[in-house]
Amino acid sequence: MHAHSSADLVLTWDGSRLHVSVHDSDDEVPAVRLPEWSATGGRGLVLVNAVADHCHARSQAKGKTITACFTPPGGEHAEPSPNLPGRPGPDRASRGKRRATTCC
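Rules behind the numbers
- Residues numbered from 1 in each chain as written.
- Predicted model: local features only at pLDDT ≥ 70, side-chain atom pairs only at ≥ 80, totals over all residues.
- Heavy atoms only, no water.
- Helix = DSSP H or I, 4+ residues; strand = E, 2+ residues; numbered from the N terminus.
- Polar contact = N/O pair within 3.5 Å; in protein donor to acceptor, adjacent residues only side chain to side chain.
- Pairing = 2+ DSSP bridges.
- Axes fitted to C-alpha atoms, helices over the stretch in contact; angles between N-to-C directions.
- Buried < 20%, exposed > 50% of the residue type's maximum accessible area, 1.4 Å probe, protein only.
- Salt bridge = Lys/Arg side-chain N within 4 Å of Asp/Glu carboxyl O.

Now for the environment of Asp 24. Structurally, Asp 24 can be placed in strand β2 (residues 18-24). Measuring from C-alpha to C-alpha, the distance between Asp 24 and Thr 65 comes to 6.8 Å, with 41 residues separating the pair along the chain. Among the polar contacts made by the side chain of Asp 24, one reaches the main-chain amide nitrogen of Asp 26 at a distance of 3.0 Å. Here the side chain of Asp 24 touches Lys 64 through a polar contact of 2.8 Å, side chain to side chain.

Structure below.
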């Protein structure tokens, strides 16, 4: 929507983390912002940063790529398991510790 172009989505599992990358042809790297409460958009990076272990954006010769990394509960080399409704996700304390490691 914001890039006004098509986008490529690449999911990569490296044995310990899921890397989710989105590439589009717009070279403007987005910034995290807090939109008005009634706005219908503008929360994408806020939401990604809230659930990802690490997230970064980089400009490239033809556009930009945003990559978010996710470590499944149980740490490295654990099989990915969905955070199903009614099943508690990782607590904020352990998520903060994992966030300190660079994965992308």
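Here we take up the sheet that holds strand β3 (residues 54-60). Strands belonging to one sheet form pairs held by backbone hydrogen bonds; the direction of such a pair is parallel or antiparallel. Strand order in the open sheet made by the four strands is β1-β2-β4-β3, with antiparallel pairing throughout. Strands at the two margins of the open sheet, each flanked by one partner only, are β1 (7-13) and β3. On average, adjacent strands in this sheet sit at an angle of 15° to one another, irrespective of strand direction. With seven bridges joining them, β1 and β2 adopt antiparallel strand pairing. Bridge pairing in β2 places Ala 7 opposite Asp 24.

A separate point is the pairing of strand β4 (residues 63-70). Along β4, six of the eight residues are buried, which leaves the element largely enclosed by surrounding structure. Across seven bridges, β2 lies against β4 in antiparallel orientation. Note on β4: the bridge partner recorded for Leu 18 is Phe 70. Pairing of β3 with β4, which is carried by seven bridges, proceeds in the antiparallel orientation. Residue Gln 60 lies in a different strand from β4, and its bridge partner there is Gly 63.

Here we take up the pattern of salt bridges. By the definition in use, this model includes two salt bridges. Between Lys 64 and Asp 24 there is a salt bridge, with the nearest N and O atoms lying 2.8 Å from each other. One end of the pair, Lys 64, is in strand β4; the other, Asp 24, is in strand β2, with 40 residues separating them in the sequence. Across the pair, exposure class does not vary: Lys 64 and Asp 24 are buried alike.

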